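Residue-level structure breakdown
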Number of protein chains: 2
Amino acid sequence: MNSKSGIKRLCIIGVGLIGGSLARALRRADVVEHIIGVGRSRKNLETALQLGVVDEITHDIGEGVRNADIVIVAVPMGMYENIFRAMAEHLQKHTIISDVGSTKSHALKVAKQYLTDASRFVPAHPIAGTEESGAAASFAGLFDDHTCILTPEESTDPEAVQCVEQMWKAAGSHVMQMDAATHDDLLAAVSHLPHLAAFALVNAVNKQKSGVFDPFAFAAGGFRDFTRIASSSPEMWRDIALCNRQALMHQLAALQKELSRLGDVLRKNDGKTLLDEFSAAKKARDQWLKENGTDL
Amino acid sequence: MNSKSGIKRLCIIGVGLIGGSLARALRRADVVEHIIGVGRSRKNLETALQLGVVDEITHDIGEGVRNADIVIVAVPMGMYENIFRAMAEHLQKHTIISDVGSTKSHALKVAKQYLTDASRFVPAHPIAGTEESGAAASFAGLFDDHTCILTPEESTDPEAVQCVEQMWKAAGSHVMQMDAATHDDLLAAVSHLPHLAAFALVNAVNKQKSGVFDPFAFAAGGFRDFTRIASSSPEMWRDIALCNRQALMHQLAALQKELSRLGDVLRKNDGKTLLDEFSAAKKARDQWLKENGTDL
């Protein structure tokens with residue numbers, strides 16, 4: 001893509017919340033001529049077609065990618081191997097490949113394993129989403145003012161990087177670059193860990209449920225917001241957790257350490273330290289919200 | 001209060017988010033004649049007066065409670081001892097005392113320690129709130145369709161219980177009763193524990209912040225919602241955590257157990273168990289939202 005001609009043929013593999021929203025955002029920006037949606041679910045693809053998210057649909061990945069200028073892999077991380085293996089032989093030399101996955105080291109690893117020319121693969125991660133999924137949940141504004149992180153390597157074709165960067169800017173994102181390992185550590189901290197903790201907390205509470213003791217009946221807005229991400233797709237988060245498990249285990253250990261410390265403080269009935277801990281958290285969170293609140 | 005005459009003189013000690021919202025809700029229902037606000041902060045009291053939340057303000061607790069029909073203690077749990085001690089000698093025989101605190105065993109303990117006649121004390125906990133505080137943040141609809149739990153004991157005057165129940169119904173709440181210990185266990189699970197975990201997670205992430213590594217810069221909507229409660233008042237949550245620390249330590253241990261289990265599963269790269277865990281959490285959370293979503 002360049003700013004004059006736009007994208008002639010865009011292939012989106014996986015027309016879900018992210019893939020569908022990218023299609024809508026690029027249409028809104030009028031930078032794409034033809035969008036082919038590839039997927040397994042006939043129902044979801046037909047929805048995408050009916051809603052005008054894509055122009056053409058197919059189950060055949062070879063057919064989908066064959067004449068594409070850009071291919072966006074927007075499937076759960078657990079499907080990367082199958083998708084990259086299946087599309088590799090059908091890609092043209094000029095085709096740029098990118099993805100939207102939440103863990104970038106794994107994406108690079110799979111691309112190098114299967115693509116003939118991995119230098120045309122530009123790993124990308126738009127930091128946006130809701131707990132909804134499917135083409136029907138997609139909307140053009142999903143990426144507006146959100147960050148999209150690209151994690152190219154030294155060997156990545158600079159022209160391909162520029163093209164993907166322009167695409168995400170057209171979709172409304174702020175684009176930045178960093179290396180894949182740093183990305184994975186950062187996202188483990190602010191995204192993967194909260195998801196893990198939310199799932200764990202809901203399970204911890206749910207296991208105590210009994211005829212007389214139903215904690216959920218008394219949960220309010222705080223619980224709803226804290227656990228919103230526990231309503232996310234279990235398959236997607238299993239994949240993310242496994243693909244980024246080293247970084248996630250590291251973050252999990254950091255959280256467990258904090259919780260143990262708070263447990264000790266409670267045991268000692270130490271109000272001063274408890275206040276210090278809570279105040280530090282509030283300060284950090286309020287500061288973050290002040291700096292980033294309007295972008296969320 | 002009865003449905004015919006309403007409340008003649010209501011004294012609210014602590015005209016913050018909860019106290020102020022109760023005043024507004026009772027006014028909206030037209031069931032109160034005169035509201036006296038008691039507090040330490042002149043600025044907050046004057047705001048409450050200017051906004052019409054209360055009719056009269058005083059720093060003098062004796063003056064505030066002296067002729068009240070109902071006294072509502074709406075201060076942080078850590079101030080209960082001082083407040084109950086200070087008001088005890090000024091209460092009339094017919095005055096009903098209630099509170100809005102998040103831990104009920106502690107409230108009962110303090111009431112029994114200081115009140116001449118603790119049978120007129122009806123412990124109450126409206127399950128509603130925002131992370132805001134102060135009279136300016138109060139609004140009449142805060143309790144609409146939210147649950148308010150009363151935890152009277154066998155020795156509590158049934159007439160006083162009925163009166164407090166009617167008051168909370170007039171304020172828009174669903175009222176239910178249970179014993180204080182059950183209440184405290186339930187709330188430790190669905191409210192106090194999520195707050196502790198949110199504070200801990202923000203601290204765990206914040207401690208990793210450095211010049212090159214700023215996780216907060218990449219946090220998105222999931223992080224915002226997960227950590228919203230970490231912007232709550234540190235003083236209030238210190239008090240709640242300490243007043244309910246046995247139940248909270250029990251819940252903290254349950255969460256730590258779940259997190260350790262997830263850590264083991266990650267270490268073993270066990271996708272099947274991870275999916276089962278995440279799916280169980282999503283199912284429980286979605287079911288809860290389906291049953292209670294409209295009330296939140």
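About the criteria used
- Residues numbered from 1 in each chain as written.
- Chains lettered and ligands numbered in written order.
- Predicted model: local features only at pLDDT ≥ 70, side-chain atom pairs only at ≥ 80, totals over all residues.
- Heavy atoms only, no water.
- Helix = DSSP H or I, 4+ residues; strand = E, 2+ residues; numbered from the N terminus.
- Rg over C-alpha atoms; globule rule 2.2 N^0.38 Å.
- Buried < 20%, exposed > 50% of the residue type's maximum accessible area, 1.4 Å probe, protein only.
- Areas by Shrake-Rupley, 256 points an atom, 1.4 Å probe, with all protein chains shown as cover.
- Lys, Arg positive; Asp, Glu negative; His and termini not counted.
- Charge placed at Lys NZ, Arg CZ, Asp CG, Glu CD.
- Contact = heavy atoms within 4.5 Å.
- Buried area = accessible area lost by both parts, 1.4 Å probe.
- Salt bridge = Lys/Arg side-chain N within 4 Å of Asp/Glu carboxyl O.
- Polar contact = N/O pair within 3.5 Å; in protein donor to acceptor, adjacent residues only side chain to side chain.
- Pairing = 2+ DSSP bridges.
- Least-squares fit on C-alpha atoms with pLDDT ≥ 70 in both.
- Axes fitted to C-alpha atoms, helices over the stretch in contact; angles between N-to-C directions.
- Parallel < 35°, antiparallel > 145°, perpendicular 65-115°, else oblique.
- Nonpolar A, V, L, I, M, F, W, Y, C, P; charged D, E, K, R; others polar.
- Core = buried A, V, L, I, M, F, W, Y, C linked by side-chain atoms within 4.5 Å.
- Left-handed = near helix turned anticlockwise from the far one by under 90°.
- Right-handed = clockwise from strand over helix to strand, strands pointing away.
- Phe/Tyr/Trp six-rings, centres within 6.5 Å; stacked < 30°, edge-to-face > 60°.

Right, let's get into the overall build of chain A. Helix and strand counts for chain A come out as eleven helices and nine strands. Computed over C-alpha atoms, the radius of gyration of chain A comes to 21 Å, within 12% of the 19 Å expected from 2.2 N^0.38 for 296 residues, which places it in the range of a compact globule. Overall, the C-alpha framework of chain A stretches about 65 × 45 × 35 Å when taken along its three principal axes. Among the 296 residues that make up chain A, the fraction classed as buried is 57%. Working note: accessible area of chain A is about 11900 Å², and carbon and sulfur atoms make up 48% of it. For chain A, the distance from the average site of its 32 positive side-chain charges to the average site of its 36 negative ones is 4 Å.

Once that is clear, we can look at the interface of chain B and chain A. Interface size is often expressed as the accessible area that is lost when the parts come together. With 87 residues of chain B in contact, the opposing surface of chain A contributes 84 residues. Between chain B and chain A the total buried area reaches about 8000 Å² when both faces are included, carbon and sulfur atoms providing 70% of it. Connecting chain B to chain A are four salt bridges. Ionic pairing is found between Asp-225 of chain A and Arg-228 of chain B, a salt bridge with its closest N-O pair at 2.5 Å. Counting every contact that joins chain B to chain A gives 26 residue pairs in polar contact (both at pLDDT 80 or more). At the level of secondary structure, the elements contributing two or more residues to the side of chain B that touches chain A comprise strand S8 (147–150), helix H7 (180–206), helix H8 (221–226), helix H9 (234–243), helix H10 (245–267) and helix H11 (271–292) of chain B. Top contributing element to the side of chain B that touches chain A by residue count: H7 of chain B, with 19 residues.

All names here are of chain B. Here six strands make up an open sheet; going across it, the order is S3-S2-S1-S4-S5-S6 and the pairing parallel. The open sheet terminates on both sides in strands that have one partner only, identified here as strand S3 (56–58) and strand S6 (121–122). Relative to S6, strand S5 (residues 96–99) is paired through two bridges, and the arrangement is parallel. Across the sheet, the residue bridging to Ser-98 is Val-122, located in S6.

Take the relation of the copies chain B and chain A next. Turning chain B through 180° and shifting it by 0.0 Å along the axis lays it on chain A, with an RMSD of 0.0 Å. Here the two chains are linked by the operation of a two-fold rotation axis. Identified as the residue of chain B closest to the rotation axis by C-alpha distance is Phe-226 of chain B, at 2.0 Å. Of the interface residues in chain B, 97% have counterparts in chain A that sit at the interface too, so the contact is made through matching surfaces.

Time to look at the packing of helix H5 (residues 104–114) of chain B against H7 of chain B. All names here are of chain B. Running from N to C, H5 and H7 cross one another at 140°; their axes reach a closest spacing of 7 Å. In terms of their interaxial angle, H5 and H7 are classed as oblique. Contact residues: Lys-104, Ser-105 and Leu-108 in H5; Ala-180, Ala-181, His-183 and Asp-184 in H7. Tallied by class, the residues present in the contact of H5 with H7 amount to three nonpolar, two polar and two charged.

This next bit is on the side chain of His-146 of chain B. Residues and elements named next belong to chain B. Its place among the elements puts His-146 in the loop between strand S7 (124–126) and S8. His-146 gets classed as buried once you look at its relative accessible area, which sits at 15%. A polar side-chain atom of His-146 sits 2.9 Å from the main-chain carbonyl oxygen of Ile-127.

Counting 120 residues, the largest nonpolar core has Ile-13, Phe-84 and Met-87 of chain A together with Ile-13, Phe-84 and Met-87 of chain B as its most contacted members. Residues contacting Ile-13 of chain B, with those up to four places away along its chain left out, are Val-38, Ile-61, Val-65, Val-71, Ile-72, Val-73, Ala-74, Val-75, Ile-83 and Met-87 of chain B.

With that settled, the discussion passes to the packing of helix H7 (residues 180–206) of chain A against helix H10 (residues 245–267) of chain A. Residues and elements named next belong to chain A. Closest axis-to-axis distance for the H7/H10 pair is 9 Å, and the angle between their directions is 60°. Here the hand of the crossing between H7 and H10 comes out right-handed. Facing Asp-184, Asp-185, Ala-188, Ala-189, His-192, Leu-193, Leu-196 and Ala-197 of H7, the residues of H10 in contact are Ala-247, Leu-248, Gln-251, Leu-252 and Leu-255.

Okay, the pairing of strand S4 (residues 70–73) of chain B next. Regular strands place their side chains on alternate faces of the sheet. Residues and elements named next belong to chain B. Burial along S4 is two-sided: the face carrying Ile-70 and Ile-72 and the face carrying Val-71 and Val-73 are both buried. Direction of pairing for strand S1 (residues 7–13) relative to S4: parallel, over a ladder of four bridges. By the bridge assignment, Leu-10 is partnered in S4 with Ile-70. Relative to S5, S4 is paired through four bridges, and the arrangement is parallel. Considered in S5, the bridge of Val-73 is made with Asp-99. Between the parallel pair S4 and S5, the chain is carried across by helix H4 (residues 80–88), and the sense of this crossover is right-handed.

All right, on to the packing of aromatic side chains then. Residue and element names in this part refer to chain A. One pass over the structure, following the stated rule, counts eleven aromatic pairs over all chains. On the basis of an interplanar angle of 35° and a centroid distance of 5.7 Å, the ring pair of Tyr-80 and Phe-84 is categorised as tilted. With a gap of four residues between them, Tyr-80 and Phe-84 both fall in helix H4 (residues 80–88), about one helical turn apart. Residue Tyr-80 shares its accessibility class with Phe-84, and that shared class is buried. Following the ring pairs from residue to residue traces out a cluster consisting of Tyr-80, Phe-84 and Phe-121.

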